[in-house]
Amino acid sequence: MANAATSRARGLWLSAAVIVAVVVPLLVFGFRSGECFDSVSAAASYCTSGPAVGIGGAVLLCLGGALFVVYALGRALGGRGRTSA
């Protein structure tokens, strides 16, 4: 019974790792914002775009997601040789 519960918990951690690894980058880089600057001279007009949360926010969110994925994979795959004392 405990083995089935352990297998289920490992499956949940593995599922969480996969979901976060896919969803976080899609959300961070899927929503973009930008603005255009017009000038009398066409050569001086330009547009910018980037992640809606900014470059710094995108990096922090992706790093946080990556840390969670590493933790979840450790929980899902680690500890196979452990015995309770």
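Being a predicted model, the structure only gives us computed values, none of them experimental.

**A look at the overall build of the protein**
- Within the protein, the secondary structure is distributed over two helices and two strands.
- Going from the N terminus to the C terminus, the protein shows its helices and strands as α-β-β-α.
- Of the roughly 6500 Å² that the protein leaves accessible, carbon and sulfur atoms contribute 68%.

**Re the environment of G30**
- Within the secondary structure layout, G30 lies in helix α1 (residues 2–30).
- Sequence separation of G30 and P51 is 21 residues, and the distance between their C-alpha atoms is 7.6 Å.

What counts, and where the lines are drawn
Residues numbered from 1 in each chain as written. Predicted model: local features only at pLDDT ≥ 70, side-chain atom pairs only at ≥ 80, totals over all residues. Heavy atoms only, no water. Helix = DSSP H or I, 4+ residues; strand = E, 2+ residues; numbered from the N terminus. Areas by Shrake-Rupley, 256 points an atom, 1.4 Å probe, with all protein chains shown as cover.

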